[in-house]
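# Residue-level structural notes
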Amino acid sequence: MIRIQENVQLKPFNTFGIPANARYFVSIQAVDDLFELQQADIFKNEVRLILGGGSNVLFTHDIDGLVIHNNLKGIQVSHETDETITLKVASGEVWHTFVMHCVQHNWGGIENLSLIPGTVGAAPMQNIGAYGVEVQEVIEKVEGIELLSGSVQVFDKAGCRFGYRESIFKQELKEKNFISSVTLTLTKKNHLLRTGYGAIQDTLREMNVTAPTIQSVSEAVIHIRSKKLPDPRVLGNAGSFFKNPTITQQHYVSLKSEWPTMPGYSSENQSVKVPAAWLIEQCGWKGKRLAGAGVHQHQPLVIVNYEHATGEEILSLAMQVRASVKERFDITLTPEVNII
Ligand SMILES: Cc1cc2nc3c(=O)[nH]c(=O)nc-3n(C[C@H](O)[C@H](O)[C@H](O)COP(=O)(O)OP(=O)(O)OC[C@H]3O[C@@H](n4cnc5c(N)ncnc54)[C@H](O)[C@@H]3O)c2cc1C
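These figures come from a predicted structure and were not determined experimentally. (Residues numbered from 1 in each chain as written. Predicted model: local features only at pLDDT ≥ 70, side-chain atom pairs only at ≥ 80, totals over all residues. Heavy atoms only, no water.)

### Quick notes on the sheet that holds strand 19 (residues 302-305)
Judged by pairing direction, the sheet is antiparallel, and its four strands sit side by side in the order 13-19-18-17 without closing on themselves. Where the open sheet ends on each side, the last strands, each with one partner, are strand 13 (236-240) and strand 17 (289-290). Alignment of strand 17 against strand 18 (residues 293-295), held across two bridges, turns out to be antiparallel. By the bridge assignment, leucine 290 is partnered in strand 18 with alanine 293. (Pairing = 2+ DSSP bridges. Helix = DSSP H or I, 4+ residues; strand = E, 2+ residues; numbered from the N terminus.)

Quick look at the structure:
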């Protein structure tokens, strides 16, 4: 039986720690709750917002509508062989807790994605990625409920239209489809360990690990992330505020002649991916603070809520950062965070 609450403060429900009021708020504990919700007048008449862990949203105003908070729980084994295990995971499970569950069972494939905040259901939304791995690599299918019709929809990997921090769910299906479960296949042996990215190898060396395992790679990732990224419980943030932009080879070559230290990695269609953090730092934003909002002192891609910042203040800072990158490099940064 669902309970629709009125005037709920969303500050504890977003990792930026931004105060915003939800006119209506409902917690979904079972898929049937969604079907019950569809019958409610409030559901039919109000603007709707699906919310998981709130670690990739920026509230810039109160929500004059209905917030649907995901609390669907449960992990089921749907298929198993000697080599692999396929798990159907309810979308409200906490992502990092799920990763730890898999690491403990020695199931491989998502250990590089340790310590990413949020829910399992939001993982396909922006095809979460870190340390050379994207969640799409292990996803078999995503199940969702079409909010208006109540029909169950199943998307295979191709149907999810995954891209870099992108999917069909972040585009045309945004706020239309409630992701209810994610099915992923992980390895039980012959794991493909990815240690070549970032500081993983150096960290494993510091940990005196000579033969890496699922567990040690996960530990290394947790160690690196804890040092590098601000903990949202201490300093409000939503991780990377912008995506890393891709530019044409020509544009890159011309910038490189002026900025010889500019990093760039070859990407699809002969384009070049440039780290947004480097661009932002070159524009002098690293560690800068405007009112209660700031650009993090160690990781310029992360915008933080130092002290009682409003969503508008965070957004205003982000837009100033974006404008200076555009002016200096003629590159337009796209927010990764969902601005609401
Ligand atoms: C410190 C920090 C580090 C981070 N590091 C990374 C990183 O390394 N890599 C990375 O990819 N991301 C990273 N993020 C971003 C974030 O953790 C992920 O995007 C995460 O998947 C968001 O999950 P969530 O449940 O908090 O989503 P929310 O913020 O609640 O929602 C995000 C979007 O998804 C929609 N949504 C949520 N759940 C559902 C659902 N069940 N059905 C349909 N739509 C839904 C929401 O409407 C919203 O548009 C980081 C964030 C923080 C704070």
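### Quick look at the environment of glycine 239
Position of glycine 239 among the secondary structure elements: in strand 13. Given the relative accessible area of 22%, glycine 239 is considered partly exposed. A sequence separation of 98 residues divides glycine 239 from lysine 141, and the C-alpha atoms of the two residues are 26 Å apart. Excluding residues that lie within four positions of it along the chain, glycine 239 makes contacts with Leu301, Val302 and Ile303. (Buried < 20%, exposed > 50% of the residue type's maximum accessible area, 1.4 Å probe, protein only. Contact = heavy atoms within 4.5 Å.)

### Concerning unusual backbone geometry
A positive phi angle, near 45 degrees, is found at asparagine 127, a position not held by glycine. Summarising the element assignment, asparagine 127 is placed in the loop between helix 3 (95-104) and strand 8 (129-130). Taking the relative accessible area as the measure of exposure, asparagine 127 reaches 0% and is therefore buried. Positive phi values are uncommon outside glycine, yet arginine 161 reaches one of about 45 degrees. Note that arginine 161 resides in the loop between helix 4 (157-160) and strand 12 (177-187).

### Focus on the pairing of strand 11 (residues 152-156)
Summarising the sheet, strand 10 (residues 139-146) and strand 11 pair through five bridges and their orientation is antiparallel. Paired with isoleucine 145 across the bridge in strand 11 is valine 152.

### Thoughts on the side chain of threonine 119
Structurally, threonine 119 is set in the loop between helix 3 and strand 8. Sequence-distant contacts of threonine 119, defined by excluding residues within four places in its chain, comprise Gly52, Gly53, Ser91, Gly92, Glu93, Val94 and Trp95.

### Side note on the domain arrangement of the chain
Taken domain by domain, the chain holds domain 1 (5-70), domain 2 (75-228) and domain 3 (236-339). One C-alpha centre belongs to domain 1, the other to domain 2, and the line joining them spans 25 Å. Listed as interface residues are 15 residues of domain 1 and, on the opposing side, 17 residues of domain 2. Both sides of the domain 1 and domain 2 interface together cover about 1,300 Å² of buried area, and 64% of this is carbon and sulfur. The tally of links from domain 1 across to domain 2 stands at zero salt bridges. On the surface where domain 1 and domain 2 come into contact, there are four residue pairs in polar contact (both at pLDDT 80 or more). Contributing elements (two or more residues each) for the side of domain 1 that touches domain 2: helix 1 (31-38), strand 3 (47-51) and strand 5 (63-70). (Domains from an automatic or database assignment. Buried area = accessible area lost by both parts, 1.4 Å probe. Salt bridge = Lys/Arg side-chain N within 4 Å of Asp/Glu carboxyl O. Polar contact = N/O pair within 3.5 Å; in protein donor to acceptor, adjacent residues only side chain to side chain.)

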